[in-house]
Amino acid sequence: MTTVPPMTASRHYRWIILLIATLAQAAACFFVQGIGAISVYIQADMALSAFQIGTLVSAAQLVPLVAGELLDRFSERFGGRGGNPRCGHCA
């Protein structure tokens, strides 16, 4: 029986991917939960009503759920073809 020597690159690969995924999730959570935390300042600066702020906070939490459901149902290619150009256009 032959033994395969351990590869150092593949050994650390899963930890690097885990770190990247954790940072991406943390950034997404800061956006969604951060709107609620600074909603008082947004409301004062933009002269928004309580209903408008509530709609903004709800939309920020609803959009990722709908997007995730669509990606699960159709495929990730659907999201990449549709979402990436839109994000590039907005930037």
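Residues numbered from 1 in each chain as written. Predicted model: local features only at pLDDT ≥ 70, side-chain atom pairs only at ≥ 80, totals over all residues. Heavy atoms only, no water.

Draft legend 1. Focus on the overall build of the chain. Each helix and strand in the chain was counted, giving four helices and zero strands. Taken from N to C terminus, the helices and strands of the chain fall in the order α-α-α-α. In the chain, which comprises 91 residues, the proportion classed as buried is 8%. (Helix = DSSP H or I, 4+ residues; strand = E, 2+ residues; numbered from the N terminus. Buried < 20%, exposed > 50% of the residue type's maximum accessible area, 1.4 Å probe, protein only.)

Draft legend 2. Structural detail: the side chain of Ser39. Following the sequence through the fold, Ser39 ends up in helix 2 (residues 39–46). From its side chain, Ser39 meets the backbone oxygen of Gly36 in a polar contact 3.0 Å long. (Polar contact = N/O pair within 3.5 Å; in protein donor to acceptor, adjacent residues only side chain to side chain.)

Draft legend 3. Structural detail: the pattern of salt bridges. Here the structure, examined in full by the defined rule, presents one salt bridge. The partner of Arg73 in a salt bridge is Glu69, and the shortest N-O contact between them spans 3.4 Å. Highlighted residues: Arg73 and Glu69, both in helix 3 (residues 50–73), separated by four residues, approximately one helical turn. Overall, the relative accessible area of 59% leaves Arg73 in the exposed class. Among the residues examined, Glu69 registers a relative accessible area of 43% and is labelled partly exposed. (Salt bridge = Lys/Arg side-chain N within 4 Å of Asp/Glu carboxyl O.)

Draft legend 4. Representation of unusual backbone geometry. In this structure, Ala47 takes a positive phi of about 55° despite not being glycine. Here Ala47 lies in the loop between helix 2 and helix 3. Among the residues examined, Ala47 registers a relative accessible area of 67% and is labelled exposed.

Draft legend 5. Focus on a nonpolar patch on the surface. Taken together, Leu62, Leu65, Val66, Leu70 and Phe74 make up a surface patch of nonpolar side chains, about 500 Å² in accessible area. Turning to its location among the elements, Leu70 is positioned in helix 3. (Patch = residues over 30% accessible without salt bridge, like charges linked within 9 Å, V, L, I, M, F, W, Y side chains within 5 Å. Areas by Shrake-Rupley, 256 points an atom, 1.4 Å probe, with all protein chains shown as cover.)

Draft legend 6. Summary view of the confidence of the model for the chain. In the predicted model, the chain carries a mean pLDDT of 79, and the fraction of residues at 70 or more is 73%. Averaged pLDDT values over the elements of the chain bottom out at 63 in helix 4 (residues 76–90) and peak at 92 in helix 2. (pLDDT = per-residue confidence, 0-100.)

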